[in-house]
2 protein chains.
Amino acid sequence: MNKAPFLLAGMITAGSDSGQPRSSRADPDGRPRTGTRLIYRFSRLRAFACYNLAPLMVRQVRLGLIQMRCGPTPDENLDKALQRIREAASDGAQLICLQELFRTQYFPQREDASFFDLAEPVPGPTTRVLCPVAQELGVALAASVFERRAPGIYHNTAVLIDVDGTITGTYRKMHIPDDPYFYEKFYFTPGDLGFQSHTSSVGNIGLLVCWDQWFPEAARLTALRGAQILIYPTAIGWLQGETAEVCQAQHSAWETIQRGHAVANGIFVAAVNRVGVEGKLDFWGQSFVCDPFGRILVKGAADREETLIVECDFTRIEETRRNWPFLRDRRIEAYGGISVRFSDSSQE
Amino acid sequence: MNKAPFLLAGMITAGSDSGQPRSSRADPDGRPRTGTRLIYRFSRLRAFACYNLAPLMVRQVRLGLIQMRCGPTPDENLDKALQRIREAASDGAQLICLQELFRTQYFPQREDASFFDLAEPVPGPTTRVLCPVAQELGVALAASVFERRAPGIYHNTAVLIDVDGTITGTYRKMHIPDDPYFYEKFYFTPGDLGFQSHTSSVGNIGLLVCWDQWFPEAARLTALRGAQILIYPTAIGWLQGETAEVCQAQHSAWETIQRGHAVANGIFVAAVNRVGVEGKLDFWGQSFVCDPFGRILVKGAADREETLIVECDFTRIEETRRNWPFLRDRRIEAYGGISVRFSDSSQE
């Protein structure tokens, strides 16, 4: 791995200068982009420097969220994701996030043991494709994989691949849902790696997955591990036939609780959700990123594929926490009951 | 205390029939209200029955939130609160909630030891006024008191007074803020009663106070004790001179995180906030109640006194939790880190 300590002074902003795109494609204003090759190489060196000098926190990252439809053929979904990753990298994204189980349609709509054939080891076929792409493009990737750990033990797993193409973090979905057309308890063994923050050249990254969104404990624990951003690969949708009122309330609750995690922890939050109709489910899209105040910085459409690119200024985390110092005032000696299922005497 | 087990069959809806007002005043449609005295007495009997037969959960309560300005004279603030309590009771409210430190202006804007003279024991002068009023009107009251526990030990305390005029719950604010013009750490010893749900004839009531709003742990622990609603007496405002953008963002974060507590726990949430300008602070008002889906049922004005009355149907709690069963899926064996200040190794 290329060590570049001489780049120390300028490296705490990860990736390319001032977010300048690395691609030679025309930018949205139609102006040609120049100097691609040079900036690209410089960017990779800086990222490496960051990776090798852990005491310095990453101050800023350009995030890319890829909101896709998924078709029935896993390899075609993978090809589409790779194409979108290249485009997002061209647009300057430094950490690119894929939606939950992006290689397949949402198979947990029914319980069918043959679907375990879709699972794969980690590292395995998907990471063997993604890691070299991350290295080639000099970007980090957050990807969701249906993990086959052992015969009979499968997980809903997220991996963080750093800009050098190594897997720097693995998270196994801790909270597993099970409700009509989301039969995940059939497929996914609950994670046993706990809640973590993964140190990388693009920041301290907290990986969580979908149903984890509803649990303040998951957000808090990941933030207390030092995460600067929580990333939730997601597959949430409406069951067809629900009323518009219920649909709207469900979506609002989903967005609200995650904005609440951002506020409670003074941290960025990103949800990248699939879109489109599969079977009985109409996936919401509406991927979003919010800042440590819970303000939505960018939000995807409800009805189409979209790649969202947004700058996350991690210096906003300390600024926010200094002014509303919730972490200072936690009553940790009084929180033991969080580890209890329920206080049964209360139902007297 | 009057026991009335023969009222069993009809008593699980607390208070008056179908929310019918007890007052003989004209209702908002101008129709005269009749039968006041009879309904009033019946209502009290039913409430007593509920109180004495704990296994039955209260299914519905009509909540009243009293959003006030406070003047410099504590007794005038108390008189105003009493008048509003009577009006809310006349309008059918069964549980009436007062804002944080409703007897005084928000004295923690500066540190002045003479303000400890405002503190009083609990039970004490304020509860000696409120308890008989609760009994007379047959309503429950949630009230905030600056508690003098011992020389040098003062608390920001909330009490729940049941319809029979007894104090059925006491909570001492656990999370104490301290930021410019909110110098509460000078005045208030952190609470030592923990997070509780108070069984009463109007339901299982969770009392929390203001700054607790920002801590998901407080909401979760109170919900796990069986609370059907979280009530937050509040005194939050803008420091004059802040930009409109910051003001808007602060208010949105405040509302969002509390709606998030409702969603995470499948529970009702009520915040009753003061209004008006005092010194350098411009209090937000905008008291609100939201349902277990985080939907705002009623919301107060930002610039004037208001009493909000809203029906809370507690059967919505189980309905919500059955469909989105978050409490089922908590990974309690993995939450131990909640009781840690911070995972320092993460800041390597």
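Rules used in this analysis
Residues numbered from 1 in each chain as written. Chains lettered and ligands numbered in written order. Predicted model: local features only at pLDDT ≥ 70, side-chain atom pairs only at ≥ 80, totals over all residues. Heavy atoms only, no water. Helix = DSSP H or I, 4+ residues; strand = E, 2+ residues; numbered from the N terminus. Contact = heavy atoms within 4.5 Å. Areas by Shrake-Rupley, 256 points an atom, 1.4 Å probe, with all protein chains shown as cover. Buried < 20%, exposed > 50% of the residue type's maximum accessible area, 1.4 Å probe, protein only. Least-squares fit on C-alpha atoms with pLDDT ≥ 70 in both. Pairing = 2+ DSSP bridges. Axes fitted to C-alpha atoms, helices over the stretch in contact; angles between N-to-C directions. Buried area = accessible area lost by both parts, 1.4 Å probe. Salt bridge = Lys/Arg side-chain N within 4 Å of Asp/Glu carboxyl O. Polar contact = N/O pair within 3.5 Å; in protein donor to acceptor, adjacent residues only side chain to side chain.

Peer 1: Explanation requested: the overall build of chain A in the structure shown.
Peer 2: Counting its secondary structure elements, chain A contains seven helices and 15 strands. Put simply, 71% of the contacts in chain A that link residues at least 6 apart link residues at least 24 apart. If you sum the accessible surface of chain A, you get close to 12800 Å²; carbon and sulfur atoms cover 52% of it.

Peer 1: What's the story with unusual backbone geometry in this structure? I'm lost.
Peer 2: Note on backbone geometry: most residues besides glycine have negative phi, and most peptide bonds are trans. Cis geometry is found at the peptide bond from A:Val122 to A:Pro123, where omega equals -5°. Structurally, the position occupied by A:Pro123 is in the loop between β2 (95-98) and α3 (125-137). The residue B:Leu101 is not glycine, and still its phi comes out positive at about 50°. Among the structural elements, B:Leu101 can be located in the loop between β2 (95-98) and α3 (125-137). For B:Leu101, a relative accessible area of 3% puts it in the buried group. We note that B:Gln286 has phi near 55°; this positive angle belongs to a residue other than glycine. Position of B:Gln286 relative to the elements: it lies in the loop between β12 (281-284) and β13 (288-290). Owing to a relative accessible area of 11%, B:Gln286 belongs among the buried residues under this scheme.

Peer 1: Explain the relation of the copies chain B and chain A here, please?
Peer 2: The relation between the two chain copies is a rotation about an axis coupled with a shift along that axis. The operation relating chain B to chain A is a screw motion whose rotation component is 180°, with 0.0 Å of axial translation and a residual RMSD of 0.0 Å. Here the transformation between the copies is reduced to the relation of a two-fold axis. Comparing interface residues between copies, 100% of those in chain B also lie at the interface in chain A; the contact surface is shared.

Peer 1: I would appreciate a short explanation of the pairing of strand β11 (residues 275-278) of chain B in the present structure.
Peer 2: Two faces belong to every sheet, and in a regular strand the side chains alternate between them. All names here are of chain B. Inspection of the sheet shows β11 paired to β12 by four bridges, in the antiparallel sense. Looking across to β12, one finds that Val-277 is bridged to Asp-282. The turn joining β11 and β12, which pair antiparallel and follow one another in sequence, is formed by two residues; a positive phi near 55° is taken by Gly-279.

Peer 1: In this structure, what is going on with the sheet that holds strand β11 (residues 275-278) of chain A? I would like to understand it.
Peer 2: Pairing between the strands of a sheet is mediated by backbone hydrogen bonds and can be parallel or antiparallel. Residues and elements named next belong to chain A. Strands sit in the order β9-β12-β11 across an open sheet of three strands; the sheet is antiparallel. Edge positions in the sheet fall to β9 (237-239) and β11, since each of these pairs with one other strand and no more. Neighbour-to-neighbour, the strand axes of the sheet open up by a mean angle of 15°, direction not taken into account.

Peer 1: Sorry if this is basic, but what is going on with the interface of chain B and chain A here?
Peer 2: Where interface size is quoted, it is often the accessible area lost as the parts come together. In this complex, chain B contributes 60 residues to the contact, which on the side of chain A involves 60 residues. Here chain B packs against chain A, burying approximately 5900 Å² in sum over the two surfaces, 58% of which is carbon and sulfur. As a salt-bridge pair, B:Glu217 and A:Arg330 come within 2.9 Å of each other at their nearest N and O atoms. Taken together, the links from chain B to chain A amount to 28 residue pairs in polar contact (both at pLDDT 80 or more).

Peer 1: Would you explain the environment of A:Arg259 in this entry?
Peer 2: With respect to the helices, strands and loops of the structure, A:Arg259 is situated in helix α6 (residues 244-265). Classification of A:Arg259 as buried rests on a relative accessible area of 14%. For the pair formed by A:Arg259 and A:Arg295, sequence separation is 36 residues and the distance between their alpha carbons is 7.2 Å. Those residues within four positions of A:Arg259 in sequence are excluded, and the remaining contacts are A:Phe288, A:Cys290, A:Gly294, A:Ile296, B:Ser252 and B:Thr256.

Peer 1: Hey, could you run me through the pattern of salt bridges in this one?
Peer 2: Where charged atoms from two side chains of opposite charge come close, those side chains can pair. Residue and element names in this part refer to chain A. Tallied over the entire structure, the rule returns 48 salt bridges over all chains. Residue Asp-112 pairs with Arg-110 through a salt bridge whose shortest N-O separation is 3.1 Å. Ionic pairing is found between Glu-278 and Arg-274, a salt bridge with its closest N-O pair at 2.8 Å. Here Glu-278 falls in the buried class, since its relative accessible area comes to 5%. The class of Arg-274 is buried, set by a relative accessible area of 0%. Each of the salt bridges in this network shares a partner with another, and the network as a whole consists of Glu-147, Arg-149, Arg-172 and Asp-192.

Peer 1: Looking at this structure, I do not really get the sheet that holds strand β14 (residues 296-299) of chain B. What am I missing?
Peer 2: All names here are of chain B. The six strands are arranged β6-β7-β8-β10-β13-β14 in an open sheet whose pairing can be described as mixed. The open sheet has two edge strands with one neighbour each: β6 (198-200) and β14. Ignoring strand direction, the axes of neighbouring strands in this sheet form an average angle of 20°. The pairing of strand β10 (residues 268-273) with β13 spans three bridges and is antiparallel. Looking at β13, one finds that Ala-270 is bridged to Val-289. Against the sheet, helix α6 (residues 244-265) touches β8 (229-234), β10, β13 and β14, its axis set at about 35° to β13.

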